Amino acid sequence: MIREFVVAFVGLAGGLAVGSGFVAFLTVLGVIPRLTQLTKTMKWIATYERGVVLGAVVSSWISLRDPLLSFPPIVTSVIGLLSGVFVGMLAAALTEVLNVFPILAKRLGIDEQIVMLLMAMVFGKVAGSLFHWIYFVDR
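What counts, and at which threshold
Throughout, a residue's number is its position along its own chain's written sequence, starting from 1. For this predicted model, a pLDDT threshold of at least 70 governs which residues receive local features, and a threshold of 80 or more governs which side-chain atom pairs are given and counted, while totals over whole chains, interfaces and linings are taken from all residues. Calculation of side-chain values draws on the structure's entire complement of heavy atoms; hydrogens and water are dropped beforehand. Structural elements are reduced to axes, namely lines fitted to C-alpha atoms, with helices fitted over the stretch in contact, and the angle between N-to-C directions of any two is expressed from 0 to 180 degrees. Runs of E in the DSSP output that reach at least two residues are strands. Runs of H or I that reach at least four are helices, and both are numbered from the N terminus. Here is the rule for angles: anything less than 35 degrees is roughly parallel, anything more than 145 is roughly antiparallel, 65 through 115 is roughly perpendicular, and the remaining ranges are oblique. For a crossing to be left-handed, the near helix must be turned anticlockwise from the far one by less than a right angle; the clockwise case is right-handed. Here, two residues are considered to be in contact whenever any of their heavy atoms come within 4.5 Å of each other. UniProt positions are given in the numbering used here, feature names are shortened, and annotations may be inferred rather than shown by experiment.

### Describing the packing of helix α2 (residues 31-39) against helix α3 (residues 45-64)
And then number 1: Between α2 and α3, whose axes approach to 10 Å, the crossing angle comes to 135 degrees. Put simply, α2 runs oblique to α3. Between α2 and α3 lies a crossing of right-handed hand. Two secondary-structure elements touch here, α2 through Ile32, Pro33 and Thr36 and α3 through Ile45, Tyr48, Glu49 and Val52.

If you want it as structure tokens, here you go:
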């Protein structure tokens, strides 16, 4: 009984530590306020913050379980699409906060074509993801 309690406590503490670190990472960089500023949805900032915290807590709880979920392909596709949008927006927000693209464009000497640089990166990511899913993921 004590062993199960210790395992549950360590798992919960680890999940909460990772989730808290993720939320702190987003907070320190100011990703959520910047994302709401770019999308002109400042009135929803509290909802975004609650969503991130809730997502971290739920993900921590799910990581303690071994769920076996079975969804229809259309639902799985929507979940995958939304997950990809989240990761893409997180990456874009981080690069926006860190000013990576303007520095990269200036160093490459393509200041005027920064939109082309962004589009090349987006299409490269999409093509790479599709290649991975089509050829390397077992069904």
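### A closer look at the UniProt feature "transmembrane region" (unreviewed entry) in the chain
And then number 1: In the numbering used here, UniProt assigns the "transmembrane region" (unreviewed entry) feature to residues 6-32, 44-62, 74-94 and 114-136.
And then number 2: Segment residues 44-62 splits into 95% helix and 0% strand. End C-alpha atoms: 26 Å apart.
And then number 3: The span residues 114-136 is 96% helix and 0% strand, and its two end C-alpha atoms sit 32 Å from each other.

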